[in-house]
Amino acid sequence: MRRGRDVPVLVERARDGDARAVARLITLVESGDELLPQVAAALAPYAGRAQVIGLTGAPGVGKSTTTNELVRALRAGGHRVGVLAVDPSSPFTGGAILGDRVRMQEHATDPGVYIRSMSSRGHLGGLAAATPQAVRVLEGAGCDVVLVETVGVGQAEVEVASLADTTLVLLAPGMGDAIQAVKAGILEIADIFVVNKADRDGADATVRDIQGMIALGERGPGQWRPQVLRAIASRAEGIDDIVAGIERHRAWLVEHDELRRRREARAAAEVEAIALGALRARLGSLRDGTGLATLAAKVAAGSLDPYAAAGDLLAELDQRSTG
């Protein structure tokens, strides 16, 4: 009971800028604590107030350096900024080196910046499973811009696009065929391409390749055409152009009612994920009984097909729910 009463207090303290309260709330989210529904209910009135910007790309393209410089530029513009940096976890130990907090030490004492490193904990897609709820915490804490930096991703790990209002895909010259880098899902999720480390040989060719791929895409009247920008984040060059590009994209989102559509799609995915998680937990409880074991034995013996077995399993789940 006492812990339950603590939730409104934590949210109020987070609203006042208490970094410890924000950390506690995100920890409750990450651990899947039983108080999570209360946390979500307390944060609901503050949903949708932050601009969510996703940064993704292959390892080594400079995502963390770019994020660090974007924080600096956004703070100069008077924004309160939250950063969620997702790091890969070990498939053997489950641990992770949460290095982004170290890389962004210069912002550690700024009360207008909150940085949280999160382990992916084996979750695919470039994010952690708790990232959407962590974004809600930062919105509730008064951040008007939230930067979400993914793990180093490949061509199919594009989950950040379902979470962000604006998605930046970072590339760098000299990391292989640029067409290979931007094909498939990565090409389709980018609102802005950033060719980082643009002082390297091959930067011009990388920009041309991306522009060529964009030109091949079909777009109707008024649809957003991804921008291709250059930057040297290690020297803070091109960061202002990126911020301006983000603002142009936000203006387009508002003008075409795309911001509302994206946020409703984000909410639908979030609700679906929570419902599926609850369903998996219920299905897991069936493992304790004999029903699943009996069905598995029949499938293994060939006397029952897996689809029929799954139907029987769902029927048993329905009976438990109605009972």
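This text gives an overview of the structure that appears in the document. All figures in this text were calculated on a predicted structure; none of them were measured in a lab.

1. Some details on the overall build of the chain
A tally of regular secondary structure across the chain gives 14 helices and seven strands. Carbon together with sulfur atoms contributes 54% to the accessible area of the chain, which is approximately 16300 Å² in total.

2. Some remarks on helix H6 (residues 131–140)
The buried count for H6 comes to eight of ten residues, which makes it a mostly enclosed element. Looking at H6, one finds that the buried residues are Thr131, Gln133, Ala134, Val135, Val137, Leu138, Glu139 and Gly140. Gly142 lies just past H6 and shows a positive phi near 95 degrees.

3. A few points about the pattern of salt bridges
According to the stated counting rule, one finds 15 salt bridges in the structure shown. Where Arg266 meets Asp165, a salt bridge forms, and the shortest distance between an N and an O atom there is 2.5 Å. Of this pair, Arg266 sits in helix H12 (residues 258–286) while Asp165 sits in the loop between helix H7 (160–163) and strand E5 (166–171), placing them 101 residues apart in sequence. For the pair shown, Arg266 and Asp165 are each scored as buried. Notably, a salt bridge pairs Arg260 with Asp257, separated by 2.9 Å at the nearest N-O pair. According to the relative accessible area criterion, Arg260 is partly exposed, its value standing at 43%. One connected set of salt bridges, linked through shared partners, spans Asp191, Glu258, Arg261 and Arg262.

4. Some points on the packing of helix H4 (residues 63–76) against helix H11 (residues 239–255)
The N-to-C vectors of H4 and H11 enclose an angle of 75 degrees; their axes lie 10 Å apart at closest approach. Judged on the interaxial angle alone, H11 and H4 are roughly perpendicular. Across the interface between the two elements, Thr66, Glu69, Leu70 and Ala73 from H4 touch Ile239, Ile242 and Val243 from H11. Of the residues that constitute the contact of H4 with H11, the class distribution is five nonpolar, one polar and one charged.

5. Topic: the nonpolar core
Across soluble globular proteins, nonpolar side chains have a tendency to be buried as a group. By size, the foremost hydrophobic cluster in this structure holds 30 residues, and its most contacted members are Val22, Leu25, Ile26 and Leu138. Among the secondary structure elements, those contributing two or more residues to this core are helix H1 (2–15), helix H2 (19–31), helix H3 (36–43), strand E3 (113–119), H6 and strand E4 (145–149). In terms of residues, this core owes the most to one element, H2, which gives six residues. Contact partners of Ile26, with chain neighbours within four places excluded, come to Leu84, Tyr114, Arg116, Ala134, Val137 and Leu138. Listed in part, the 24 residues of the second largest apolar core include Val71, Val81, Ile239 and Ile242.

6. Examining the side chain of Glu30
Relative to the elements of secondary structure, Glu30 occurs in helix H2. Reaching out from Glu30, the side chain makes a polar contact with the side chain of Arg116 at a distance of 2.7 Å.

7. Observations concerning the side chain of Thr150
Within the secondary structure, Thr150 sits in the loop between E4 and H7. Separated by 2.9 Å, the side chains of Thr150 and Thr56 make a polar contact.

8. Quick look at the packing of aromatic side chains
According to the stated counting rule, one finds one aromatic pair in the structure shown. Consider the rings of Trp224 and Trp252, whose centres lie 5.8 Å apart with planes at 50 degrees: the pair is tilted. Taken together, the positions of Trp224 in the loop between helix H10 (203–216) and strand E7 (227–230) and Trp252 in helix H11 put the pair 28 residues apart, joining distant regions of the chain. In this structure, Arg15 is placed above the aromatic ring of Tyr46, and the distance from its NZ or CZ to the ring centre is 4.1 Å.

9. Description of the sheet that holds strand E6 (residues 192–195)
Strand order in the open sheet formed by seven strands is E3-E2-E4-E1-E5-E6-E7, and the pairing between neighbours is parallel. The open sheet is flanked by E3 and E7, the only strands paired with a single partner. Across the sheet, the axes of successive neighbouring strands diverge by a mean angle of 20 degrees, strand direction being ignored. Across four bridges, the pairing between E5 and E6 is parallel. When the bridges of E6 are listed, Leu168 appears paired with Ile192. Across the sheet, H4 lies against strand E1 (51–57), strand E2 (81–87), E3, E4 and E5, angled at about 175 degrees from E4, the strand it touches most.

10. Overview of the pairing of E4
The element E4 is extensively covered by neighbouring structure, given that five of its five residues are classed as buried. By the alternation rule, side chains of E4 split into Val145, Leu147 and Glu149 and Val146 and Val148, which are all buried. With five bridges joining them, E2 and E4 adopt parallel strand pairing. Across the sheet, Ala85 pairs through a bridge with Glu149, a residue of E4.

Conventions used here
- Residues numbered from 1 in each chain as written.
- Predicted model: local features only at pLDDT ≥ 70, side-chain atom pairs only at ≥ 80, totals over all residues.
- Heavy atoms only, no water.
- Helix = DSSP H or I, 4+ residues; strand = E, 2+ residues; numbered from the N terminus.
- Areas by Shrake-Rupley, 256 points an atom, 1.4 Å probe, with all protein chains shown as cover.
- Buried < 20%, exposed > 50% of the residue type's maximum accessible area, 1.4 Å probe, protein only.
- Salt bridge = Lys/Arg side-chain N within 4 Å of Asp/Glu carboxyl O.
- Axes fitted to C-alpha atoms, helices over the stretch in contact; angles between N-to-C directions.
- Parallel < 35°, antiparallel > 145°, perpendicular 65-115°, else oblique.
- Contact = heavy atoms within 4.5 Å.
- Nonpolar A, V, L, I, M, F, W, Y, C, P; charged D, E, K, R; others polar.
- Core = buried A, V, L, I, M, F, W, Y, C linked by side-chain atoms within 4.5 Å.
- Polar contact = N/O pair within 3.5 Å; in protein donor to acceptor, adjacent residues only side chain to side chain.
- Phe/Tyr/Trp six-rings, centres within 6.5 Å; stacked < 30°, edge-to-face > 60°.
- Lys NZ or Arg CZ within 6 Å of the ring centre and 35° of its normal.
- Pairing = 2+ DSSP bridges.

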